[in-house]
Amino acid sequence: EAMDAFSRYLWAVKQAGDTAEFDEELDELEAVESERARMQARYEAQLNIAGRRMANGDFAAAERALARAKPAARVDDRYDSLRSLLLQEKGDVQAAVRAAQQACARNPHSARARCTLAGAYCQAGNRAKGASELFRASLCCRDTRDEQLFCYSAVSMGFPELALSALRRSLKSSPDRLPALF
């Protein structure tokens, strides 16, 4: 019942666009509910909100949502990946590279983190390192979402050959499955 009330509270805060109150109480509730350290639901929600707002081009609102999710930085590479994308949008390329490197350090097998680092390198003018990271990202693709992200990233950075290579490898590994839509 407490988790259901927690979910309703998060939904109400999201609908109103307000800042979540009772942060310490919510942390305590989730700590009681979980046996191991993991992503807390409200930080998960804030990361999702930040990602959606970035996709819609609302970078100021995305930055606010990301600031609310800062404690998630200890648990998930998405925080640093999103922060890197925000820093790239602001034009702070060196800080974006550092944030993407932190995301890769947190989860070295994340295609998302590797694609983010590749984009930061390319924006910084280092296409060779960008291509290298894209190649690493292609090896980290585990499902069609990863493949789709990888292909979009590779083509947008000017490396369509890498995208085609990943799609061919995907088709060879599972001929009855359509590769990521491209």
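Counting of residues starts from 1 at the beginning of each chain's written sequence and follows it residue by residue. In keeping with the model being predicted, local features are shown solely for residues with a pLDDT of at least 70 and side-chain atom pairs are shown and tallied solely at 80 or more, while totals for entire chains, interfaces and linings include all residues. Based on all heavy atoms of the structure, the side-chain values leave hydrogens and waters out of the count.

(A) Summary view of helix H4 (residues 59-68). Taken residue by residue, H4 has Ala61, Ala62, Ala65 and Leu66 as its buried positions. Taken end-on, H4 shows its buried residues confined to a sector of 140 degrees, consistent with a single buried face. What makes two residues a contact is simply this: any of their non-hydrogen atoms within 4.5 Å. Elements are defined by DSSP. Helices are runs of H or I of four residues or more, strands are runs of E of two residues or more, and each kind is numbered from the N terminus. Against the buried residues of H4 lie helix H3 (41-55) and helix H5 (77-90). For the exposure calls, accessible area comes from a 1.4 Å probe over protein chains only, and a residue counts as buried if that area is under 20% of its type's maximum, exposed if over 50%, partly exposed in between. The arc refers to the directions leading from the helix axis to the C-beta atoms.

(B) Geometry of the nonpolar core. Ranked by size, the top nonpolar core spans 16 residues in total, and within it Cys115, Leu134, Phe150, Cys151, Ala154, Met157 and Phe159 carry the most contacts. Put simply, the parts of the chain that give this core at least two residues each are helix H7 (111-123), helix H8 (127-140), helix H9 (144-156) and helix H10 (160-173). The element that contributes the greatest number of residues to this core is H7, accounting for four residues. Ignoring any residue separated from it by four or fewer positions in sequence, one finds methionine 157 in contact with Cys115, Ala118, Gly119, Cys122, Arg127 and Leu134. Ranked by size, the runner-up nonpolar core spans 14 residues in total, among them Tyr43, Leu66, Tyr79 and Leu82. Nine residue types can take part in a nonpolar core, namely buried Ala, Val, Leu, Ile, Met, Phe, Trp, Tyr and Cys, and a core is a set of them joined through side-chain atoms within 4.5 Å.

(C) Representation of the confidence of the model for the protein chain in the model. A residue's pLDDT is the predictor's confidence in that residue, given on a scale from 0 to 100. Residues at a pLDDT of 70 or more form 75% of the protein chain, whose mean pLDDT is 83. Mean pLDDT across the elements of the protein chain ranges from a minimum in helix H2 (residues 23-33), with 60, to a maximum in H7, with 96.

(D) Quick peek at the side chain of aspartate 76. Topologically, aspartate 76 is positioned in the loop between H4 and H5. According to the relative accessible area criterion, aspartate 76 is buried, its value standing at 12%. A polar atom in the side chain of aspartate 76 sits 2.6 Å from the side chain of arginine 78. What qualifies as a polar contact is a pair of N or O atoms within 3.5 Å, subject to a donor-acceptor requirement within protein and to the restriction that residues adjacent in sequence count only when both atoms come from side chains.

(E) Up close: the pattern of salt bridges. Put simply, a salt bridge is a Lys or Arg side-chain nitrogen that is within 4 Å of an Asp or Glu carboxyl oxygen. If you walk through the whole model with that rule in mind, you get nine salt bridges. With its nearest N and O atoms 3.4 Å apart, the salt bridge here joins aspartate 77 to arginine 112. Linking aspartate 77 in helix H5 with arginine 112 in helix H7, this pair joins segments that are 35 residues apart in sequence. With its nearest N and O atoms 3.1 Å apart, the salt bridge here joins glutamate 133 to arginine 136. Of this pair, glutamate 133 and arginine 136 both sit in helix H8, three residues apart, roughly one helical turn.

(F) Quick peek at the packing of H3 against H4. The axes used here are C-alpha line fits, helices contributing only the stretch in contact, and every angle between their N-to-C directions lies in the interval 0 to 180 degrees. Where H3 contacts H4, the two axes come as close as 8 Å, and the packing angle between them is 165 degrees. Between H3 and H4, the angle is such that the two are roughly antiparallel. Our pair here, H3 against H4, has a crossing hand that is left-handed. Only Phe59, Ala61, Ala62, Ala65, Leu66 and Arg68 of H4 make contact with H3, whose side of the interface consists of Tyr43, Gln46, Leu47, Ile49, Ala50, Arg53 and Met54. Split into classes, the residues belonging to the contact of H3 with H4 amount to 10 nonpolar, one polar and two charged. Throughout, the term roughly parallel applies to angles under 35 degrees, roughly antiparallel to angles over 145, roughly perpendicular to angles from 65 to 115, and oblique to all others. Note on convention: the crossing is left-handed when the near helix lies turned anticlockwise from the far helix by less than a right angle, right-handed when the turn is clockwise. Just so you know the grouping, Ala, Val, Leu, Ile, Met, Phe, Trp, Tyr, Cys and Pro go in nonpolar, Asp, Glu, Lys and Arg go in charged, and all remaining residues, Gly too, go in polar.

(G) Fine view of H7. In a helix, the anticipated span is given by 1.5 Å times the number of residues less one. The terminal C-alpha atoms of H7 lie 18 Å apart, and with 13 residues this matches the ideal 18 Å at 1.5 Å per residue to within 8%. Judged by how many residues are buried, H7 sits mostly within the fold: 11 of 13 residues are covered. Along H7, the residues classified as buried are Ala111, Ala113, Arg114, Cys115, Thr116, Leu117, Ala118, Gly119, Ala120, Tyr121 and Cys122. Next to the buried residues of H7 lie H5, helix H6 (93-106), H8 and H9. A distance of 3.4 Å separates the backbone nitrogen of arginine 112 from a side-chain oxygen at the start of H7, and that oxygen is part of serine 110.

(H) Region of the structure containing the packing of H6 against H7. For the pair H6 and H7, the least separation of the axes is 8 Å and the interaxial angle reads 160 degrees. One element, H6, and the other, H7, form an angle in the roughly antiparallel class. Remark: the crossing between H6 and H7 carries left-handed chirality. Side by side, H6 and H7 meet where Val93, Ala96, Val97, Ala100, Gln101, Ala103 and Cys104 of the first sit next to Ala113, Arg114, Thr116, Leu117, Ala120, Tyr121 and Gln123 of the second.

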